[in-house]
Amino acid sequence: MNESELPPTFQEMLAVLRRERDEHARVDAVESNFAYVFVHALRKPVKENEPEDHLGGWLRIPVSFPDNGPWGLVTIVPLPGKNGGINGDNHNPGHGNASPVRGRGGDHYYSWTWSESPPVRSPADILGVVRWFERRIRLGMT
Amino acid sequence: MTQKVHHVIHVGKMEQTWDQDVVKASAIMTRANFIPPEGFVLEALTHPNGDVVKDFQPNDDVDFRDEKLKFFNVIPGGSGRS
């Protein structure tokens, strides 16, 4: 993935994300105007020895960010839900939107939209976006 | 003689001082430059970047006499559903 081909504001967003939240965040794919940005440690482990990459996921961030908000999350394993189950909040295992990162293990697509959230305004708003995903994941776990 | 109360809290990297014991979450968020605060959620944390102990919607009261309410983050709200 050649990040230099992404729009300057998107590259600025990546710089903020790596500086403030996850220095190892990476862009693994771009398809249909969405970049698949892997962010580590979106949730805490719920069992012993969970692999690190199971705790993160790919945020689907439009390459036009911040002109448009994120749409969806792809994970390797289902997110934990209530009472030891899985998080069923718009959970779509095997969904086509996971295809761009399926080779890296991505399979579970959570179709979470930004439609009810405050508009993103600047590349630095990625930090709020990541916290929003963490919150959604956490709410599914409680 | 009563001593004036000052509550020092941290919202992200910003320090805020409040003279009141109880304020609206929206006031804290506005002072942290989330304007308008509607659509955002105020999260109280155990410590900076710590675990969430409580959520506040903009119209909720935040009582600083609760010792757990010292560190906060403001995050976007929204159900995630279209």
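Above this note sits the structure.
Residues numbered from 1 in each chain as written. Chains lettered and ligands numbered in written order. Predicted model: local features only at pLDDT ≥ 70, side-chain atom pairs only at ≥ 80, totals over all residues.

J.: Describe the interface of chain B and chain A, listing the residues and the values that go with them.
T.: Facing eleven residues of chain B, the contacting portion of chain A comprises 13 residues. The leading source of residues in the side of chain B that touches chain A is strand 7 (residues 71-76) of chain B, at three residues. A breakdown of the residues in the side of chain B that touches chain A according to their chemical character gives three nonpolar, seven polar and one charged. (Contact = placed C-beta atoms within 7 Å. Helix = DSSP H or I, 4+ residues; strand = E, 2+ residues; numbered from the N terminus. Nonpolar A, V, L, I, M, F, W, Y, C, P; charged D, E, K, R; others polar.)

J.: Account for the sheet that holds strand 5 (residues 52-56) of chain B, with residues named and values stated.
T.: Residue and element names in this part refer to chain B. Pairing within the open sheet is mixed, and its five strands lie in the order 2-1-7-4-5. The open sheet is flanked by strand 2 (14-18) and strand 5, the only strands paired with a single partner. Each strand axis lies, on average, 30° off the axis of its neighbour in the sheet, ignoring direction. Pairing analysis gives six bridges linking strand 4 (residues 40-45) to strand 7, with the strands arranged antiparallel. The residue bridging Glu-43 from the neighbouring strand is Asn-73, located in strand 7. (Pairing = 2+ DSSP bridges. Axes fitted to C-alpha atoms, helices over the stretch in contact; angles between N-to-C directions.)

J.: So, the pairing of strand 7 of chain B: which residues are in play, and what are the values?
T.: All names here are of chain B. Most of strand 7 sits inside the fold, with five of its six residues counted as buried. Two strands pair when backbone bridges link them, and strand 1 (residues 7-11) and strand 7 are joined in this way by two bridges, in the parallel orientation. Bridge pairing links His-10 to Phe-71 in strand 7. (Buried ≥ 20, exposed ≤ 12 C-beta atoms within 10 Å, placed from the backbone.)

J.: For the nonpolar core, give the residues involved together with the corresponding values.
T.: The tendency in soluble globular proteins is for nonpolar side chains to be buried as a group. Counting residues in hydrophobic clusters, the biggest one holds 44 residues, and the most contacted among them are Tyr36(A), Val37(A), Trp58(A), Phe133(A) and Leu42(B). Apart from the residues lying within four places of it in its own chain, the contact partners of Val37(A) are Ala25(A), Val27(A), Trp58(A), Leu59(A) and Ile61(A). (Core = buried A, V, L, I, M, F, W, Y, C linked by C-beta atoms within 7 Å.)

J.: So what's going on with helix 1 (residues 8-20) of chain A? Residues and values would help.
T.: Residue and element names in this part refer to chain A. Here helix 1 is 13 residues long and its end C-alpha atoms lie 18 Å apart, about the 18 Å a rise of 1.5 Å per residue gives. Every buried residue belonging to helix 1 is among Phe-10, Met-13, Leu-14 and Leu-17, and all of these are buried. For helix 1, the arc enclosing every buried residue in end-on projection is 100°, short of the 170-degree limit, so these residues lie on one face. Every exposed residue of helix 1 that faces more than 90 degrees away from the buried side is listed here: Pro-8, Arg-19 and Glu-20. (Expected span 1.5 Å × (residues − 1). Arc of directions from axis to C-beta.)

J.: Can you tell me about the sheet that holds strand 6 (residues 108-113) of chain A, naming the residues and giving the values?
T.: Residues and elements named next belong to chain A. In space, the six strands of this open sheet follow the order 1-2-3-4-6-5, with antiparallel pairing throughout. The open sheet has two edge strands with one neighbour each: strand 1 (26-31) and strand 5 (91-93). On average, each strand axis in the sheet is inclined to that of its neighbour by 25°, with strand direction left out of account. Where strand 1 lies against strand 2 (residues 34-39), five bridges are found, and the strand directions are antiparallel. Residue pairing for strand 2: Arg-26 is matched across the bridge by Phe-38.

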